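A closer look at the structure
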Amino acid sequence: MFEYEKMLQYPVRIKMPNPALAKFIITQYGGPDGELGASLRYLSQRYVMPYPELRALLTDIGTEELGHLEMIGAIVHQLTREMTPEEIKKAGYEGYFVDHTAGIYPTSASGSPWNAAGIGVKGDVISDLTEDMAAEQKARTTYDNILRLSDDPDVNDAIRYLREREVVHFQRFGEGLRNALEKLDQKNFYYSNPAFDT
Amino acid sequence: MDTKTTAADCGYKNGSLPGACAPLAMAYVPMQQSAKPAYAPDEGLSRGTLFPGLDLPFMNMVNTGGLMDTPHCELMALTFAADELELYLDTHPADSEAFAVYQDILKLRAEADKRYTKLYGPVTQSDMLGMSRYAWIDNPWPWDYTANTED
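Okay, so let's go over this structure. (Residues numbered from 1 in each chain as written. Chains lettered and ligands numbered in written order. Predicted model: local features only at pLDDT ≥ 70, side-chain atom pairs only at ≥ 80, totals over all residues. Heavy atoms only, no water.)

**Some remarks on the pairing of strand β2 (residues 20-23) of chain B**
All names here are of chain B. To be explicit about the condition: In short, DSSP must find at least two bridges between two strands for them to pair. Put simply, DSSP marks the helices as runs of H or I at least four residues long and the strands as runs of E at least two long, and each gets a number from the N terminus on.
Relative to β2, strand β1 (residues 14-17) runs antiparallel, the two sharing four bridges. Each residue of the ladder has a partner; that of Leu17, found in β2, is Ala20. Hairpin connection of β1 to β2: two residues between the antiparallel strands, including Gly19 at a positive phi of 75°.

Here it is, written out as structure tokens:
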């Protein structure tokens with residue numbers, strides 16, 4: 001089960017509301033490489049992972065991603081607090097606003113609502129860990145792109161933190177894959193799938 | 001480390017990596033060898049990792065603002081250090097040195113949690129044990145601007 005900690009993983013304190021930035025940062029809430037997809041990918045892959053250290057790793061990183069989802073929600077919320085209709089129009093935020101007002105909705109920057117098609121649960125140890133490594137790189141690239149577009153130091157401070165977590169997670173998934181290989185057939189890693197064949 | 005292995009060293013079924021033989025058709029990330037060196041918890045939180053070797057910022061832009069010296073940031077930093085070490089231990093469960101550091105951090109975290117909750121209210125359900133009133137509902141909630149500035 002899950003227990004809530006009434007605290008962010010890293011402080012989000014954005015002095016200047018700016019819906020123009022919220023328009024693309026929302027993609028890390030509900031976009032294809034966002035934190036919602038990340039948490040559901042890892043937390044869903046856990047069930048058939050045959051090795052205890054990989055069950056722990058997917059549980060711990062999946063849980064941390066839920067904390068990142070909350071941070072992105074906090075960033076978008078603070079960027080869109082106390083907006084006036086004039087500011088909404090000036091920022092080009094009308095499309096999101098008419099659908100969701102100042103609520104936080106899982107959608108990509110390009111307007112597609114969150115979709116499980118963006119995540120993979122293959123039920124195979126090598127496939128899933130390789131997917132996870134790619135997923136961390138895609139999220140890292142998304143944060144790079146956000147840093148290219150945002151000039152708000154308060155936003156970038158939190159985004160740089162989230163980006164660095166992707167680098168650390170990539171390393172851990174890579175190590176998890178190496179640990180898993182030690183348990184597979186050393187002459188042919190693809191001899192069978194230990195998440196299905198016993 | 002950089003000695004190049006050759007096909008002759010590795011046999012016909014293996015690939016050759018610098019200094020090692022390894023099967024082909026597999027992704028390889030080098031294992032982190034130790035949980036040292038490590039940043040202090042507050043610097044680790046600020047940089048997004050405890051480990052200098054993993055600290056790889058985009059265009060070399062790093063967070064230099066520094067965290068506030070408050071019970072809130074102290075608790076965040078120690079919680080972060082514990083979580084970061086936990087991920088390391090997931091892939092290095094036999095590293096007893098890292099586990100000893102993890103134990104020290106958990107102890108400091110428990111003390112920081114007591115200091116914080118006494119001033120600002122509960123973080124988790126167990127913090128409410130022995131409290132004089134139901135403070136769980138109190139504002140600010142974590143996503144509020146003021147939750148991250150006013151303490």
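**Re the interface of chain B and chain A**
Going by this rule: Working rule for contacts: check all heavy atoms of both residues, and any pair within 4.5 Å makes them a contact. The term buried area refers to how much accessible surface (probe radius 1.4 Å) is lost by two components on association, counted for both of them together. Salt bridges are defined as contacts in which a side-chain nitrogen from Lys or Arg sits within 4 Å of a carboxyl oxygen from Asp or Glu. Any pair of N or O atoms that falls within 3.5 Å is considered a polar contact. Within protein, one atom must be able to donate a hydrogen and the other to accept it, and sequence-neighbouring residues count only if both atoms are side-chain atoms.
On the chain A side, the residues contacting the 59 residues of chain B number 53 residues. Between chain B and chain A, a total of about 4700 Å² is buried, with carbon and sulfur atoms accounting for 61% of that surface. Linking chain B with chain A are two salt bridges, by the criterion used here. A salt bridge links B:Glu84 to A:Arg165, with the nearest nitrogen and oxygen atoms 2.8 Å apart. Connecting chain B to chain A are 21 residue pairs in polar contact (both at pLDDT 80 or more).

**As for the packing of aromatic side chains**
Quick reminder of the rule: Centres within 6.5 Å are what make two rings of Phe, Tyr or Trp a pair, Trp counting through its six-membered ring; a difference in plane orientation under 30 degrees is then read as stacked, over 60 as edge-to-face, and the rest as tilted. Each residue is assigned to one of three classes by its accessible area relative to the maximum for its type, calculated with a 1.4 Å probe on protein chains only: buried under 20%, partly exposed between the two thresholds, exposed over 50%. We count a charge as sitting over a ring when the NZ of a lysine or the CZ of an arginine lies within 6 Å of the ring centre and within 35 degrees of the ring normal.
For the coordinates displayed, the defined rule picks out 11 aromatic pairs over all chains. For the ring pair B:Phe99 and B:Tyr102, a centre distance of 6.0 Å and an interplane angle of 40° mean the geometry is tilted. Of the two residues, B:Phe99 and B:Tyr102 are both situated in helix α4 (residues 96-120); the distance of three residues between them amounts to about one turn of the helix. We classify B:Phe99 as partly exposed; its relative accessible area is 42%. Classification of B:Tyr102 as buried rests on a relative accessible area of 14%. Measuring from centroid to centroid gives 5.8 Å for B:Trp136 and B:Trp141, while their planes differ by 85°, and the two rings are edge-to-face. Grouping residues by exposure puts B:Trp136 and B:Trp141 together as buried. A network of ring pairs unites the aromatic residues A:Tyr4, B:Trp136, B:Trp141 and B:Trp143 as a single cluster. The positively charged end of A:Lys6 is found above the aromatic ring belonging to B:Trp136, 5.6 Å away from the centroid.

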